[in-house]
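Take a look at the letters that make up each chain.
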Amino acid sequence: MAMHGMRGLSVFISDIRNCQNKEQERLRVDKELGNVRTRFKNEKGLTPYEKKKYVWKMLYIYMLGYDVDFGHMEAVSLISAPKYPEKQVGYIVTSCLLNENHDFLRVAINSVRNDIIGRNETFQCLALTMVGNIGGREFAESLAPDVQKLLLSSSCRPLVRKKAALCLLRLFRKNPDVVNVDGWADRMAQLLDERDLGVLTSSMSLLVALVSNNHEAYWTCLPKCVKILERLARNQDVPQEYTYYGIPSPWLQVKTMRALQYFPSIEDPNTRRTLFEVLQRILMGTDVVKNVNKNNASHAVLFEALALVMHLDAEKEMMSQCVALLGKFVAVREPNIRYLGLENMTRMLMVTDVQEVIKRHQVQIIASLKDPDISIRRRALDLLYGMCDVTNAKDIVEELLQYLSSADFAMREELSLKAAILAEKFAPDLSWYVDVILQLIDKAGDFISDDIWFRVVQFVINNDDLQPYAAAKVKEYLHKPAVHETMVKVSAYILGEYSHLLARRPGCSPKEIFSILHEKLPTVSTTTIPILLSAYAKILMHTQPPDQELQNQIWAIFTKYESCIDAEIQQRAVEYFALSRKGAALMDILAEMPKFPERQSSLIKKAEDAEVDTAEQSAIKLRAQQQTSNALVVTDQRPANGAPPPVPVGQLSLVKVPSMITTEDNGTLSKVDPQPPSADLLGDLLGPLAIEGPPGATVPSEHNAVSGLEGAAEAVDGSAIVPVEVETNTVKPIGNIAERFHALCLKDSGVLYEDPYIQIGIKAEWRAHHGRLVLFLGNKNTAPLISVQALILPPGHLKMELSLVPETIPPRAQVQCPLEVVNLRPSRDVAVLDYSYKFGANMVNVKLRLPATLNKFLQPIPVSAEEFFPQWRSLSGPPLKLQEVVRGVRPMPLSEMANLLNSFRLMISPGLDPNPNNLVVCTTFYSENTHAILCLVRIETDPADRTQLRMTLASGDPTLTFELKEFIKEQLVSIPMVPRAPAAAPPAPPAAQLTPQIPANDPAALLAGLL
Amino acid sequence: MIHFVLLISRQGKVRLTKWYSPYSQKERTKVIRELSGVILTRGPKLCNFVEWRGFKVVYKRYASLYFCMCIDQDDNELEILEIIHHYVEILDRYFGSVCELDLIFNFHKAYYILDELLIAGELQESSKKTVARLIAAQDSLVETAKEQASSISNIIAQATK
């Protein structure tokens, strides 16, 4: 049916439909575009009707996917036409063809404003609709007050006001800084009394946007929302036309519950009770019905109610109702409900005390992993990942492994990463962990990043019992016909170190091991060859009695590579050849790699940052307690009080603790063993990059000084520094230490740590490269805290001086300890406060990251375009200018990203980049060595894919550029992504010992870099 | 919020596009191509949600047409699914058992109706009756203007005879 249609348009559409192929269609379109173009050129002869017709044709052609690069002006000009039909077409085509960034829109602002403030209601509607759909900054600047007026006007009809509400929502959402909503709380509350449900629905959307920005201002709206919900849920006073399949406006119900989720809690007991009654009614009263639409609508409401219940952290009884419902959902056939059941169950994992109930559905969830629908499989994978703990890890990981062979390519990377993380976190025994990782490499080698195989090597090195097992295992894999290169790397490393442990087994003579490894050499790339060479050197060393033939063979290989073009290979070949002639001396130099300091896996660390999940945390804790640990321990021999002026390097002894740290179930630790303060605290300290052995660090404390030790063996990891012979009790910290730290990275005062006895607050002032922090140590009890000690473990780039800390903090007293900080050079490393005190018989020791982070030494600076571009151009190419495509970015709106960066003192300079999807940052970095350096950053986001962006950084200092890039990246990335190792060179154990000055060859350094 | 609305035929022809977030022309083409590839290949008995580039696309097939809406990850999927159905019902009421051909030849109508339903990617009106009334009022405005225009042109034509 063509209603008052345009004949010319219909004919054109028919023509297009009759085209036999794409080519014909193109010809017809080109002809029409030519026609339209000539008609537009000679605009005078055009009647409004014709103009309208051509503009519609343009839109149609545009919709077919052709570029329409002219005629935008004509569409925009129709907006100012005096008559409704032309105006309508002008508005609608403009809002389809253009987006908020088009310059043409500027031309229309005046006409649009005239329509909005004019008396013609239909014109107002057209204008509000367009601004609501594509309005940008300039519209917000010039129209927001008028739109606000319309929304509140009592003389306007609902059809105008509901459009005004959403128009305002758009303007506010896009430019919260431009739209002034001060004092809007009362007006919003008033709007919520609206009788017209159309206006109310739109107003509720507006409220959601406002409370998501600032919930505190709108608390008066909370009881009104509850009232609306009650009215809808009881179906009181809802006009028939606003019910949808018998359900009173499900959309308004959903929106209202969404708004409520932005309020942290509901204080008023009456409101709370009413709300819970409504929620209870929704939870219990929603049945599965035959009608699809009714079913969807009622479940839309139900799922929103579930989300609200979770948010409000309802009583246990209600929670278990929710879990029961979800349990039902994950088992139904209807795919939408099953999908949402899985999704919401994953969210439910955040709630305490329901994990056990969720585990009961494990079989069902695993079945969903094999669903024909990839959307459902993804949800199942996420849920399994989230619910995994020590008790079910074996089952879940084995399912994932099995699924890996048949999984879509799109999912394999995620799947293998998740399996690797779970295997590490929850391995019941280490041989199982080795099995899992080797299977992963075997099945999905392409998706296994370096840090996964580094980690398995690290475990094998640190656990003597595991070594022969791992060696035998990798040897089995090498016999397979096609072996992934990563498998060759792992095998070469492990067989080089430990194949001699197998020597008595059949088929494991040095010669045989050598030949199966050497078979792979022609198939591998230059990054693997150095590892093979190291393995050969080690095999040769372990061959007792010496085997002349094998030696000749290996020497021949070394000789061959002596002239290799790859410097790394060449160096190793030359060195090993020379070394292997030294006979007995070889034994010392090529000795087995020392144990790694125990540290948290980079994978797990990233995963934890991504999901703060109590269930997992507890599981990690459990795991950490079960794990054998060969930590390096620094003995603290002279427990002193306070920290006198800096003394270069105190005495230090490295003690290898071979014993296991055994923990009894209740968490108390056997007294003989040195042990970490608590798994939780330790985990927190092992924060990103926190504590690597800083080269040449001067530590301003006379005891417990960490000298700058570098190299594989001695890289003292601050996290591994554990006071010996101290009886420590696990005192639970209050609040999340990591969160507190992150918050303090953004602001300058707040609480750093709190437990039942003490609260440590911090207040900081930063000026250029200087910082002055004051630590506030508050005793919360009525008994004194004694033996108080505070030490600073600064990273190499910070000079820190802590003033005297009193030995005793009297009851209920607070002491202040100033701490001076000087930033020497750019680095992301973080200083650590090692703090201990005694309360009664309990010794408490805590290590806390201090928020003296890179961003504190930044000073935002406004830069004009004239200054910016010459600077930007003059810093060309690495190492001063670096570019990186970052994936796995936490999806967030651009404005949120801008706020985040601003809060790190990375000031966004608007207007420098014409593309509104890009952010340009100008800031100055201060350090003693570099003085003030201008840093310029450009972030290009992809509006179609918020999970990735491209970052370009430039500054006058290569280290700064790199450190800043990594720093920003850490703030933006959230999901456990697998970064490629920064240096392509593989770990080379013997070479590392030979040439400790090349950290790129040092696996410890590489691993540390990944942490 | 809804970032965009797409109507795609089973053959991959685009019948309507509406963008509430700013996408350049190039990005729009890319999005359409990518999503057609994902959605048109999905089997019949699967769920109505597709995860895509950090977003979710809720879609539903009606006869030969796929109605798709792209939303944020934490939005309520079923609510959007029923907005789609709500839209289809309104189209159906307006055209009288709507089919793809109606939407091809009267694509501008589909846009008018959508504008009465959604603004800024949010639902504006949940009453079918109200939307129908507003669209009818618009139609009559256009008709009146047309009649006036023809009567004026008649007058002019006669006057200049």
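Anything mentioned here points back to the structure above.
Now for a description of the structure that goes with this document. (Residues numbered from 1 in each chain as written. Chains lettered and ligands numbered in written order. Predicted model: local features only at pLDDT ≥ 70, side-chain atom pairs only at ≥ 80, totals over all residues. Heavy atoms only, no water.)

## Observations concerning the overall build of chain A
Consideration 1: In terms of helices and strands, chain A carries 40 helices and 18 strands.
Consideration 2: Residues counted as buried form 59% of the 1011 residues belonging to chain A.
Consideration 3: Looking at chain A alone, contacts between residues at least 24 apart form 69% of all its contacts between residues at least 6 apart.
Consideration 4: Surface accessibility of chain A: about 40500 Å² in total, with carbon and sulfur atoms responsible for 53%. (Helix = DSSP H or I, 4+ residues; strand = E, 2+ residues; numbered from the N terminus. Buried < 20%, exposed > 50% of the residue type's maximum accessible area, 1.4 Å probe, protein only. Contact = heavy atoms within 4.5 Å. Areas by Shrake-Rupley, 256 points an atom, 1.4 Å probe, with all protein chains shown as cover.)

## Let's talk about the interface of chain B and chain A
One frequent convention defines the size of an interface as the accessible area lost when the parts assemble.
Consideration 1: Each side of the interface is counted separately: chain B has 79 residues, and chain A has 86 residues.
Consideration 2: Summing both sides of the interface, chain B and chain A together bury roughly 7300 Å²; the carbon and sulfur share of this comes to 53%.
Consideration 3: Summed over the shared surface of chain B and chain A, the number is 11 salt bridges.
Consideration 4: B:Lys13 is the partner of A:Glu25 in a salt bridge, and the nearest nitrogen-oxygen pair spans 3.7 Å.
Consideration 5: Put simply, chain B and chain A have 40 residue pairs in polar contact (both at pLDDT 80 or more) between them. (Buried area = accessible area lost by both parts, 1.4 Å probe. Salt bridge = Lys/Arg side-chain N within 4 Å of Asp/Glu carboxyl O. Polar contact = N/O pair within 3.5 Å; in protein donor to acceptor, adjacent residues only side chain to side chain.)

## Here's the deal with the sheet that holds strand E9 (residues 798-802) of chain A
Residues and elements named next belong to chain A.
Consideration 1: Read from one edge of the open sheet, five strands run E5-E6-E7-E10-E9, paired in antiparallel fashion. If you trace the sheet from one side to the other, it starts and ends with strand E5 (749-754) and E9, each paired once. Across this sheet, the average inter-strand angle for adjacent strands is 25 degrees, counted without regard to direction.
Consideration 2: Summarising the sheet, strand E7 (residues 770-779) and strand E10 (residues 814-823) pair through nine bridges and their orientation is antiparallel. Bridging from a neighbouring strand, Arg772 pairs with Glu820 of E10. (Pairing = 2+ DSSP bridges. Axes fitted to C-alpha atoms, helices over the stretch in contact; angles between N-to-C directions.)

## Here's the deal with helix H10 (residues 184-191) of chain A
All names here are of chain A.
Consideration 1: Those residues of H10 not exposed but buried are Trp184, Ala185, Met188, Ala189 and Leu191. The arc that holds every buried residue of H10, seen down its axis, measures 160 degrees, which confines them to one face.
Consideration 2: The elements touched by buried residues of H10 are helix H8 (137-152), helix H9 (158-174), helix H11 (197-213) and helix H12 (221-233). (Arc of directions from axis to C-beta.)

## Details of the packing of helix H7 (residues 121-134) of chain A against H8(A)
Residues and elements named next belong to chain A.
Consideration 1: Their axes nearest at 12 Å, the elements H7 and H8 cross at an angle of 130 degrees. On the basis of the axis angle, H7 is oblique to H8. The handedness of the crossing between H7 and H8 is left-handed. Along its contact with H7, which presents Gln124, Leu128, Met130 and Val131, the element H8 presents Phe139, Leu143, Val147 and Leu150.
Consideration 2: Counted by class, the contact of H7 with H8 contains seven nonpolar, one polar and no charged residues. (Parallel < 35°, antiparallel > 145°, perpendicular 65-115°, else oblique. Left-handed = near helix turned anticlockwise from the far one by under 90°. Nonpolar A, V, L, I, M, F, W, Y, C, P; charged D, E, K, R; others polar.)

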